[in-house]
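Coordinate analysis (summary)
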Amino acid sequence: MERPVPVPDAATAPYWAAANEGRFVMPRCTQCGRWHFYPRALCPHCSSEKLEWSDCSGRGTVYSYTVVHRAPSPAFAAELPYVVAIVEVEEGPRLMSSVVNCAPETVRIGMKVRAAFRRVADDTQLPVFEPA
Ligand SMILES: [Zn+2]
């Protein structure tokens, strides 16, 4: 069974395109200067439409996590066990991702992480995080 991959839409296409280039980006409001994630049409802080995709530092901390021991589908069975985490990036937003390149039992809340990329298809890289 093939692993499911993201299907970009108008709101998320810039995020996935940047990830395929090895760049970690998020929407930033040019009116108030704040970042947000997930992508949306208006700034959630000031309701401005003046948003732009900007490169992030890639630095963050683990806000919460779980270790998955039972695959949600056969496509993920080969990856067990793996970490699903909420990462708070230095710019402020939190996103769900994975923590890779370390033993799952070493992951902790507050752990410093940095963005990395994992190729899951010829035309798809996922932003993930690894210990900083
Ligand atoms: Zn704003």
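The rules behind these values
- Residues numbered from 1 in each chain as written.
- Predicted model: local features only at pLDDT ≥ 70, side-chain atom pairs only at ≥ 80, totals over all residues.
- Heavy atoms only, no water.
- Helix = DSSP H or I, 4+ residues; strand = E, 2+ residues; numbered from the N terminus.
- Rg over C-alpha atoms; globule rule 2.2 N^0.38 Å.
- Salt bridge = Lys/Arg side-chain N within 4 Å of Asp/Glu carboxyl O.
- Buried < 20%, exposed > 50% of the residue type's maximum accessible area, 1.4 Å probe, protein only.
- Donors = N, O, S within 2.8 Å, 3.2 Å for Na, K, Ca; no water.
- Tetrahedral: all angles 85-135°; square planar, octahedral: opposite > 155°, others 65-115°.
- Contact = heavy atoms within 4.5 Å.

On to the overall build of the chain. Check the secondary structure of the chain and you find 1 helix and 7 strands. The linear arrangement of helices and strands in the chain, starting from the amino end, is α-β-β-β-β-β-β-β. Its C-alpha atoms give the chain a radius of gyration of 15 Å, within 12% of the compact-globule value 14 Å for 132 residues. Once the C-alpha set of the chain is aligned to its principal axes, its extents read approximately 45 × 30 × 20 Å.

The next thing to look at is the pattern of salt bridges. On inspection of all chains with the given rule, the structure shows 8 salt bridges. In this structure, the salt-bridge partner of D55 is R23, at a minimum N-O distance of 3.1 Å. Of this pair, D55 sits in strand β2 (residues 51-55) while R23 sits in the loop between α1 (13-20) and β1 (25-29), and the two are 32 residues apart along the sequence. For D55, a relative accessible area of 46% corresponds to the partly exposed category. Since its relative accessible area comes to 33%, R23 is described here as partly exposed. In this structure, the salt-bridge partner of E130 is R114, at a minimum N-O distance of 2.9 Å. Taken together, the residues E130 in strand β7 (residues 124-131) and R114 in strand β6 (residues 112-121) connect sequence positions 16 residues apart. E130 sits in the buried class, given a relative accessible area of 15%. Three or more residues are tied together by salt bridges with common partners; here these are R3, E79 and R118.

Quick look at the coordination of the zinc ion now. Six octahedral donors around a metal ideally sit at 90 or 180 degrees from one another, while four tetrahedral donors ideally sit at 109.5 degrees. Looking at the zinc ion, one finds its protein donor set to be C29 (SG), C32 (SG), C43 (SG) and C46 (SG), positioned 2.3 to 2.4 Å from the metal centre. Angles of 104 to 116° at the metal separate the 4 donor atoms of the zinc ion, which places the site in the tetrahedral class. Sequence spacing of the donors to the zinc ion: C-x2-C-x10-C-x2-C. With C29 in strand β1 and C46 in the loop between β1 and β2, the pair connects residues that are 17 residues apart, well separated along the chain. Overall, C29 belongs to the buried group, its relative accessible area being 0%. Take C46: its relative accessible area is 34%, and that puts it in the partly exposed class.

On to the environment of S98. Here S98 shows up in strand β5 (residues 94-99). Here the alpha-carbon distance between S98 and V25, two residues 73 residues apart in the chain, equals 16 Å. Ignoring any residue separated from it by four or fewer positions in sequence, one finds S98 in contact with V83, V128 and F129.

Structural measurements only, silent on function.
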